[in-house]
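Spelled out, the chains give:
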Amino acid sequence: MMDYNKLAELLFPDIDKTPADYEAFYPSRPAAADGAVITRLGPSPTGFIHLGNLYGAFVDERLSHQSRTSDGTPGTFYLRIEDTDDKRYVEGAVETIIRSLGFFDINFDEGAALDGEEIGAYGPYFQSNRGPVYQAFVKELVRKGQAYPCFLTEEDLNAIRQEQEANKETTGIYGKYAEKSRNLPYEEIEANIAAGKPYVVRLKSSDTSADSRHQGVNYEDRDGVTYIVINDAIRGKVAMPANDQDVIILKANGIPTYHFAHVIDDHLMRTTHVVRGEEWLMSLPIHVELFEKLGFELPTYCHTAVLMKIDEETGNKRKLSKRKDPELSLDYYRKEGYHPQAVKEYLMTILNSNFEEWRAENPDAGIDEFHFTTEKMSSAGALFDLNKLKDISKDILLKIPADELADFLINWAREFKPQALPLLEDKEYLTKILDLGRHDNKPRKDLIYAKQIFEFISYFYDDYFTIQERIPEQVSDEDAREILKRYLETYDHSDDQSEWFEKIRTITADLGYAVKPKDYKKHPEEYKGSVAHVSTVIRIAVMGRSQSPDVWSIQQILGEERVRARIRELIG
RNA sequence: GGUCCUAUGGUCAAGCGGUUAAGACACCGCCCUUUCACGGCGGUAACCCGGGUUCGAUUCCCGGUAGGAUCACCA
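So, here is what we can say about the structure in this document. (Residues numbered from 1 in each chain as written. Chains lettered and ligands numbered in written order. Predicted model: local features only at pLDDT ≥ 70, side-chain atom pairs only at ≥ 80, totals over all residues. Heavy atoms only, no water.)

**Considering the pattern of salt bridges**
- Taken as a whole and assessed by the stated rule, the structure comprises 32 salt bridges.
- A salt bridge links Lys-139 to Glu-9, with the shortest nitrogen-to-oxygen separation between them at 3.2 Å. Here Lys-139, found in helix α6 (residues 131-143), pairs with Glu-9, found in helix α1 (residues 4-11); they are 130 residues apart in sequence, far enough to count as distant.
- The partly exposed category is assigned to Glu-9, whose relative accessible area is 39%.
- With a shortest N-O distance of 2.5 Å, Arg-40 and Asp-266 are connected by a salt bridge. Taken together, the residues span a long stretch of sequence, with Arg-40 in strand β1 (residues 38-41) and Asp-266 in helix α10 (residues 258-268) at a distance of 226 residues. Assigned by exposure class, Arg-40 and Asp-266 land together as buried.
- Residues joined in a network through salt bridges with shared partners are Arg-40, Arg-80, Glu-82, Arg-130, Asp-265 and Asp-266. (Salt bridge = Lys/Arg side-chain N within 4 Å of Asp/Glu carboxyl O. Helix = DSSP H or I, 4+ residues; strand = E, 2+ residues; numbered from the N terminus. Buried < 20%, exposed > 50% of the residue type's maximum accessible area, 1.4 Å probe, protein only.)

Below you can see the structure in the form of structure tokens.
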């Protein structure tokens, strides 16, 4: 009979703290028992933060920050860096994560922070600094005979896998494939370690049909197989075969695998809701078994759907991939100049199916006033819809005051279009431009994102002004010249809008065009064209394009000199 | 291949045994209008297939099919 205490000491001679020590060191959060939701974001520090991360982070943030204890204290949202894979670390990644999320108003209360600091009493928040914590729990598991060292080499593992594949069996270390390692005599283990052989620690998966079943988990027997049934906050009941694999919990370098770190950290840091992508669903049985063996209470799981897109090549839905899809990168939205509020609003519409309805009823409410629920989340992968984002963006920008929008645009230019910055420096001018047509009963909604806005308003700046369109076919070149000539002659910058338009009517009638577009429509043979065509000539002369807000208003902003100069330029 | 998840118009989605099967985006037409946008009105367009259960299935069950996810000393 193996002496597990002796084995534990052999494996972890330097670990003197016990699980009980850590339980005491990280006290349970009183707020959590009183209705507060504790969530965490656990990114690996690859330095790449994408839309999927934002999607999940948003759920975490809302869940915790909208929750309240009985005295009104909100829950906690913390940042834990999951850097158990040393190969993945990228310099400056933590800062990128915090800044990228901060751009969307998603802020952490606790955990890893800027300048390498950490905030909160549940740290360290870098998993790479928590080695002794994990090892104390592994040691305990070894002591109880529920974990064991495994010296299988890569070649051994490959051989086993090949055999299993040949036999069409499930791959991995379980059942008879685990027996040899599980039953290695103490002397042999000792000799291996003395010889410096690398080893991992595996969980000794146990028979779940036994009566050692965890009280927080429902089990179900289906055709002789034991299933665990978990109530997922997003998906409802989820059933999966119980784990029977002797999974690795501690890698040869002494660092735990994700599975083990997740269980230890989320327990010790007192996480109440674990929000993560559905790609984790399949490993849930492993986590459940770990929680069970460790005697921890299960958190509430929220497995979010994966964001999808249509693959141009195959026409099928597929997971957004960071290599193929630029719109997955958060940087894409920053570069295009989408307002963070618009992206958030869009995300919320795909996050909660009743959000749009709520928004229609509460057009001016802050997005945080919406009560977000996991039950209303779709469990199928949503297709990212750029059109919808644009539509939402129009409405959001309309609600942002013009001077704020001007700041936003200037900040954007500072980063992404520095050559245009000098033009934008006259903020008053820019603000007037952005404010155009926004205060009517039917406000214009033609601003979508910075890049597009810049293009849209470019004609206000001489450096960017170009004639982009041709005059309508109804108007001959001579007429066009005559229209502009008379327009310039009669132009009075102090005219109000109706006086101004009256003059255009006069020119229209004098040159044989219909003053009312309807007349031209009814009797096209009696006129050369209509006032619409005459106006278009002026539009093109002043704006370089036929589509724009109201001409008179634009001229007021452009100023008399600029208007006259542009027309003069054309009639030579 | 095993396992799990999912399945309503082009897209996002309501629905939860009886509905003319909502709504939003996109698209088309008309109206408003000096252009465009906005707005208004209208339109095209959907319950994956096959069995059950039921008086009655989009809805419940089973089986297909399709798509997705996952099967690492990565997270």
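**A look at the sheet that holds strand β6 (residues 200-203)**
- Strand order across the open sheet formed by three strands is β5-β6-β10, with antiparallel pairing between neighbours. Edge positions in the sheet fall to β5 (147-150) and β10 (248-250), since each has one partner strand and no second. On average, each strand axis in the sheet is tilted by 45° relative to the strand beside it, whichever way the strands run.
- The pairing of β5 with β6 spans four bridges and is classified as antiparallel. Following the sheet pairing, Tyr-148 is matched in β6 by Arg-202. (Pairing = 2+ DSSP bridges. Axes fitted to C-alpha atoms, helices over the stretch in contact; angles between N-to-C directions.)

**Here we look at the packing of aromatic side chains**
- Counting across every chain of the model gives 25 aromatic pairs.
- Pairing Phe-151 with Tyr-199 gives two aromatic rings, centres 5.3 Å apart and planes at 45°, and the pair type is tilted. Taken together, the residues span a long stretch of sequence, with Phe-151 in the loop between β5 and α7 (154-166) and Tyr-199 in the loop between α9 (186-194) and β6 at a distance of 48 residues. There is no split in this pair, since Phe-151 and Tyr-199 are both buried.
- Of the aromatic side chains, those joined through ring pairs into one cluster are Tyr-22, Phe-25, Tyr-26, Tyr-122, Phe-137, Phe-291 and Phe-296.
- Above the plane of the ring of Tyr-122 lies Arg-29, whose end atom (NZ or CZ) is 4.0 Å from the centre.
- A cation sits over an aromatic face here: Arg-566 above Phe-465, 3.8 Å from the ring centre. (Phe/Tyr/Trp six-rings, centres within 6.5 Å; stacked < 30°, edge-to-face > 60°. Lys NZ or Arg CZ within 6 Å of the ring centre and 35° of its normal.)

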